[in-house]
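# Structural overview
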Amino acid sequence: MPFLVLVEFRYSAPKMVRLIHSMAYTVDAAFNTFYEQINLSGDHRETANKRRERIVELLKNDFEILESFGTGSIPKFTALKGHADLDVMVALHYGKHIKDKKPSSVLQNVRNSLAEYRTGVRSNGQAVTLYYDTWPNVDIVPVSRVVDNNQNVTHYEVPNSNTEGWMPSRPKKHANTIEARSTVCGQNFRRIIKMIKHWNRIHSEYLTSYHIEVLALNIFHTNLDDLPWNIHMFFDNAANLVKSSLWYEVNYADAYLTDTARAEAVKRLETAKAKSLTAWYATHGANNDHQSAITAWKQIFGDKYPAYG
């Protein structure tokens, strides 16, 4: 599989090659290198579809499946290299498999159906992870469909075994909104989402990927043609948005946050907001201090961001 060969080559490359690619003299070059380091490039829908079809085939032995589709960051092209699994939503017959059952029971029934394979429950309590020998693993989310009087699906109910509750979700509409906003804002929209996901991952990962996408949708509405400034604006606006509950579509995007986690996330966003303003200003207008700017951006984004030189 070409993608796997490419990954293997990157990780086995000589240290000198990695060193050359980890330094830059301008902020633009530094961000381009940083993006190459974190971006999951290519179209992986063929692999995703094959695994989804196989999982549905296995689950049909025990469940009546009304619908299945891939979701998550891979099909939305907002995934990080080395940190993305495939999410597969499987809509089960409500009366037969979900009615009067706790989310933990439904998830356990899915695990039982896949007993001969290596599985686990995802930490957020919303999915069963099916582990593969090759990338990607698959998170299976058993859901029920909610329909209107005309039998049109209005949303899906997602299990949360941590709270033993069901959460409304519109994954298809969310994916369409991401695509539409990317068309309006340009390629930097998805780039910024990925960069913020990486920042979140190296700063204790208090925010979910979904929450970060919702924040980006709330913050950006026009063309993003100044990447450093746009990143600063994300931190600036997100610091305020995360302070209070954020409603999106049919649910609160940040309902998972405890008071402590919310406070810690805001603290990190405020720090990034201040550092990113300093970094942006170093090359704003007539300012030409790329060394200071790159150094500051590296403090924000860590080892994947190149050093000056």
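Here, the structure is the one placed above.
A short tour of the structure in this document, coming up. It should be emphasised that the depicted structure is a prediction, and the values quoted were computed from it without experimental measurement. (Residues numbered from 1 in each chain as written. Predicted model: local features only at pLDDT ≥ 70, side-chain atom pairs only at ≥ 80, totals over all residues. Heavy atoms only, no water.)

Between W135 and the following residue, P136, the backbone shows a cis peptide bond with an omega angle of 0°. One non-glycine residue with positive phi stands out, namely F77, at about 60°. With respect to the helices and strands, F77 occurs in the loop between helix 5 (73-76) and strand 3 (86-92). Residue classification places F77 among the partly exposed residues on the basis of a relative accessible area of 30%. A positive phi angle, close to 55°, is found at E164, a residue other than glycine. Tracing the backbone through its elements, the reader meets E164 in the loop between strand 7 (153-160) and strand 8 (165-169). (Helix = DSSP H or I, 4+ residues; strand = E, 2+ residues; numbered from the N terminus. Buried < 20%, exposed > 50% of the residue type's maximum accessible area, 1.4 Å probe, protein only.)

Tallying each qualifying case throughout the model produces 18 salt bridges. A salt bridge links R122 to D87; its shortest N-O distance comes to 3.2 Å. Here the residue R122 occupies a position in the loop between strand 4 (119-121) and strand 5 (128-130), and D87 occupies one in strand 3, the gap between them amounting to 35 residues. For D87, a relative accessible area of 16% gives the class buried. Connected via shared salt-bridge partners are D236, K243, E270 and K273. (Salt bridge = Lys/Arg side-chain N within 4 Å of Asp/Glu carboxyl O.)

Regular strands show a simple pattern: their side chains alternate between the two faces of the sheet. As paired elements, strand 7 and strand 8 share 5 bridges and run antiparallel to each other. Across the sheet, the residue bridging to V158 is M167, located in strand 8. Taking the residues between adjacent antiparallel strands as the criterion, strand 7 and strand 8 are bridged by 4 residues, where E164 takes a positive phi near 55°. (Pairing = 2+ DSSP bridges.)

Applying the stated criterion across every chain, the model contains 16 aromatic pairs. Ring centres of W199 and F235 lie 5.1 Å apart, and the angle between their planes is 65°; on these two criteria the pair is classed as edge-to-face. In this pair, W199 sits in helix 9 (residues 188-202) while F235 sits in helix 11 (residues 227-241), placing the two residues 36 residues apart along the sequence. Judged by relative accessible area, F235 falls into the buried class, the value being 0%. A centroid spacing of 6.1 Å and a plane angle of 65° characterise the contact between Y210 and Y248, whose relative ring orientation is edge-to-face. Here Y210 is found in helix 10 (residues 209-219), whereas its partner Y248 is found in strand 9 (residues 247-248), with 38 residues between them in sequence. By relative accessible area, which is 34% here, Y210 ends up partly exposed. An aromatic cluster is built from F31, F34, W297, F301 and Y305, whose rings are joined through pairwise contacts. Here the basic side chain of R51 rests over the ring of Y132, its NZ or CZ set 4.0 Å away from the ring centre. The ring centre of F69 lies 4.7 Å from the NZ or CZ of K172, which sits over that ring. (Phe/Tyr/Trp six-rings, centres within 6.5 Å; stacked < 30°, edge-to-face > 60°. Lys NZ or Arg CZ within 6 Å of the ring centre and 35° of its normal.)

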